Amino acid sequence: MSHVALFSRLALLAGAAVALPQLLGCLDHPLKLVEYDKTQVDQSGIQLAINKDVDILFVIDDSGSMAEEQALLSANFGSFIGVLEEDDVKANYRIGITTTDMGNPRCGNLTTPSNGALLLSSCVDRVGDGDFVYNGVEPPLDASYACEDFCSKTDAELAIRPTTTELDSDAKPRPWLENIEGQTNLPDGVSTLEAFQCFGPQGVAGCGYESHLESMYQALSRSEVNGDPNYGFLRDKAILSVVFLTDELDCSLNEAHESVFIDNKTFWNSPDDVAPTSAVCMRAGVACTGSGDPSYENCYAENYDESGNPGASDDDAVLYPVGRYTDFLQGVEDAKRELDAGQDVLVAVIGGVPVGYANGDADITYSAVADQLYLDDYGIAPGCTLGEGEAAPPVRLREFAEDFEVGDERNMFSICQDNYSAALGAIADKIRDQIKPACMPQCVQDADTTTPILDQECTLVEENPTTGDSTPIAECVKEGGAWVPADGASVCYVALVDDEGFTTETDDDLSDYCKDLGYNLEFEIYRKGAAPAGSQITATCLLSELREVDCPLLGG
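Model, not experiment: these values are computed from the prediction. (Residues numbered from 1 in each chain as written. Predicted model: local features only at pLDDT ≥ 70, side-chain atom pairs only at ≥ 80, totals over all residues. Heavy atoms only, no water.)

Trainee: In this structure, what is going on with the pairing of strand E22 (residues 491-496)? I would like to understand it.
Mentor: For a regular strand, side chains alternate in direction, first toward one face of the sheet and then toward the other. Within E22, 6 of the 6 residues are buried, which leaves it mostly tucked inside the rest of the structure. Of the two faces of E22, the one lined by Val-491, Tyr-493 and Ala-495 and the one lined by Cys-492, Val-494 and Leu-496 are each fully buried. Pairing between strand E19 (residues 470-475) and E22: 2 bridges, direction parallel. Paired with Ala-474 across the bridge in E22 is Cys-492. For E22 and strand E23 (residues 522-527), the ladder comprises 6 bridges, and the chain directions are antiparallel. The residue of E23 that forms the bridge with Ala-495 is Phe-523. (Buried < 20%, exposed > 50% of the residue type's maximum accessible area, 1.4 Å probe, protein only. Helix = DSSP H or I, 4+ residues; strand = E, 2+ residues; numbered from the N terminus. Pairing = 2+ DSSP bridges.)

Right, dumping it as structure tokens:
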């Protein structure tokens, strides 16, 4: 077999200021004409955008009815984190947590609004502060089990290690969990699962007029504000996933119209009432068609002004329009797609939809037929029930989530079930689907055709745009069963070349993803510490002219 050596450059972008276990970036080929069977092929303009960075924001309802749901989140969180830490994923993830409490005027000084702040404190300490006592009933409800059933560590035992970000080179403790290159910001011996089971439960003392969408908006917006504790949470190239856990309707109030919760009783049950219920959140932000008996034909987000007139302008709308949030998150997605054209922002809701809704086995029913007390409290019948527990059917949150559905499956899961493992696993699977291996998108020459696997000839170099330095990258060596850089280097690469299981080792196996595309080489990058900000790795490989032989599945 004869081969004509061709050179091609594969530029792979390493994530800014964070370590990536996979080669990231894009291909940067000079324009060449290559002859295969006398056919001219243009090799220019090929890009590869591979990313294992994941930023995850959990927006957790901390109102009085959420104790069991928070406990289930902790109990089943292993189904989520396990996917991100699987050997074929090894995501570089950050997890931020905020609540739905934005400080509605009706709650006043009775709660401590998060206002989109990322929260990272042990629930064990907060049990003592009263966060797990709901005073809306008599006697007050003790919900400490939502924390203590799964967490025993205090803040002192969960001290966060200082880290840097893309935007801040000063190492300091950050208000989020992270696992980068297998290194967490947690004390030795504490897993991210164990830490989340302490940090995740937010208690039941939050405001009962939940502002899911505004909380998300503020949390992500604040991550761009220099000096804010959230600053640097979002990474430019990272996959973004937003997960809501709630049993009620979104009530993201425009504070310019706060009178509707104080003395303007347009949306209250009765002008004789001394206080509004959560039904205001339904009547001030949702319209339905049909009688509601037995069900409405449809319910959808609507802009109402303070007098109750529909069709209000965005500024006059009592609740912020859903478009405020879809436009915002779409802008985040658009910016990410400038760096990686195939990247999607992911949204998921565990809320008041029936079991089976996610896979299409059930649909949401909007109805005005229910216990009158529930209708007075929420303005609509429950979207799902479990025992004595009930959850309001989302409308504004549903419309928002649907704008960011990826694939054929719905991105909303029922909160009315006694196990969230399947839901959390499905949400994590969507993240995994966004993480793709770093295939070499050309057919690489086999330098030794006497062996059954590819013998590649590639040279990798890391270029630092800040210093202008170019540093050769050597292949990794194995120590203690793990790939590591040799001779004091900070970075190394592994070439994955075995497409048929010819060797007894599995860590040289080409991924199914690259094999299915017909490629015969894949790269993995391993690091000690973080990558230089904006660093670029360039690989120069010998390419095969006879790809119908070396890469028979690779198209024309």
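Trainee: Looking at this structure, how should I read the pattern of salt bridges?
Mentor: Once their charged atoms are close, side chains differing in charge can pair, the charge on each being opposite to the other. Across all of its chains, the model carries 20 salt bridges by this definition. We note a salt bridge from Asp-168 to Arg-174, for which the minimum N-O separation is 3.3 Å. This pair shows no difference in class: Asp-168 is buried, exactly as Arg-174 is. The salt bridge partner of Arg-337 is Asp-344, with a shortest N-O separation of 2.4 Å. Here the salt bridges do not stand alone but share partners, grouping Asp-53, Asp-55 and Arg-235 into one network. (Salt bridge = Lys/Arg side-chain N within 4 Å of Asp/Glu carboxyl O.)

Trainee: How should the state of the cysteines be read in this particular structure?
Mentor: Evaluated as defined, the whole model comprises 10 disulfides. Paired through a disulfide, Cys-123 and Cys-147 show a sulfur-sulfur distance of 2.1 Å. Note on the Cys-123 and Cys-147 pair: the S-S dihedral is about 80 degrees, so by sign convention the disulfide is right-handed. In this pair, Cys-123 sits in helix H3 (residues 123-128) while Cys-147 sits in helix H4 (residues 145-148), placing the two residues 24 residues apart along the sequence. You'll find Cys-123 and Cys-147 in the same group, each marked buried. (Disulfide = S-S within 2.5 Å.)

Trainee: Hey, could you run me through a negative patch on the surface in this one?
Mentor: Residues Asp-314, Asp-315, Asp-316 and Asp-327 make up a contiguous surface patch of negative charge. Here Asp-316 lies in the loop between strand E12 (298-301) and helix H8 (322-339). (Patch = residues over 30% accessible without salt bridge, like charges linked within 9 Å, V, L, I, M, F, W, Y side chains within 5 Å. Areas by Shrake-Rupley, 256 points an atom, 1.4 Å probe, with all protein chains shown as cover. Lys, Arg positive; Asp, Glu negative; His and termini not counted. Charge placed at Lys NZ, Arg CZ, Asp CG, Glu CD.)

Trainee: Sorry if this is basic, but what is going on with H8 here?
Mentor: In an α-helix there are 3.6 residues to a turn, and that puts residues three or four apart on one side. Here H8 contains 18 residues, and its C-alpha end-to-end distance of 27 Å stays within 8% of the 26 Å for a straight helix at 1.5 Å per residue. Within H8 the residues assigned to the buried category are Val-322, Tyr-325, Thr-326, Leu-329, Val-332, Glu-333 and Lys-336. With its buried residues spanning 125 degrees around the axis, H8 presents them on a single face. Of the residues in H8, the exposed ones pointing more than 90 degrees away from the buried face are Asp-327 and Glu-338. Where H8 is buried, its residues touch helix H6 (212-222), strand E10 (239-245), E12, strand E13 (346-351) and helix H10 (396-402). (Expected span 1.5 Å × (residues − 1). Arc of directions from axis to C-beta. Contact = heavy atoms within 4.5 Å.)

Trainee: How should I be thinking about the packing of H6 against H8 in this particular structure?
Mentor: A pair of packed helices is characterised by two quantities: the angle between their axes and the separation of those axes. In the contact formed by H6 and H8, the axes pass within 10 Å of each other and the chain directions differ by 30 degrees. Relative to H8, the element H6 is oriented roughly parallel. Helix-helix and strand crossings are classified by hand; for H6 and H8 the assignment is left-handed. Within the contact between the two elements, H6 uses Leu-213, Glu-214, Met-216, Tyr-217, Gln-218, Leu-220 and Ser-221 and H8 uses Arg-324, Tyr-325, Phe-328 and Leu-329. Considering only residue class, the contact of H6 with H8 consists of 7 nonpolar, 2 polar and 2 charged. (Axes fitted to C-alpha atoms, helices over the stretch in contact; angles between N-to-C directions. Parallel < 35°, antiparallel > 145°, perpendicular 65-115°, else oblique. Left-handed = near helix turned anticlockwise from the far one by under 90°. Nonpolar A, V, L, I, M, F, W, Y, C, P; charged D, E, K, R; others polar.)

Trainee: I tried to follow the layout of surface pockets on my own but got confused; where do I start?
Mentor: Over the atoms rolls a probe the size of a water molecule, and in doing so it shows where empty space is left. By volume, the largest pocket amounts to about 1500 Å³. In terms of lining, the largest pocket is formed by 47 residues, of which the most central are Gly-64, Ser-65, Tyr-134, Glu-248 and Tyr-378. Residues belonging to the lining of the largest pocket are distributed by class as follows: 25 nonpolar, 13 polar and 9 charged. (1 Å grid on protein atoms, 1.4 Å probe; cavity = no way out; pocket = protein on both sides within 12 Å on 5 of 7 lines; lining within 4 Å. Points joined across faces, edges and corners; volume = space filled by probe spheres on them.)

Trainee: Before we go on, may I ask you to explain the environment of Cys-492 in this structure?
Mentor: Checked against the element boundaries, Cys-492 lands in strand E22. When its relative accessible area of 1% is taken as the criterion, Cys-492 is described as buried. Along the chain, Cys-492 and Glu-475 lie 17 residues apart, while their C-alpha atoms are 5.3 Å from each other. In this view, Cys-492 contacts Ile-473, Ala-474, Glu-475, Cys-476, Val-484, Pro-485, Glu-524, Ile-525 and Tyr-526; residues no more than four positions away in its chain are not counted.

Trainee: Please clarify how unusual backbone geometry should be interpreted in this entry.
Mentor: Across the chain, the bulk of peptide bonds are trans and the bulk of non-glycine residues have phi less than zero. The peptide bond linking Glu-138 to Pro-139 adopts the cis configuration, its omega dihedral lying at 0 degrees. Secondary-structure assignment places Pro-139 in the loop between strand E6 (133-134) and strand E7 (141-142). The peptide bond linking Asp-293 to Pro-294 adopts the cis configuration, its omega dihedral lying at 10 degrees. Structurally, the position occupied by Pro-294 is in the loop between strand E11 (286-289) and E12. Look at Lys-90: it is not a glycine, yet its phi comes out positive at around 45 degrees.

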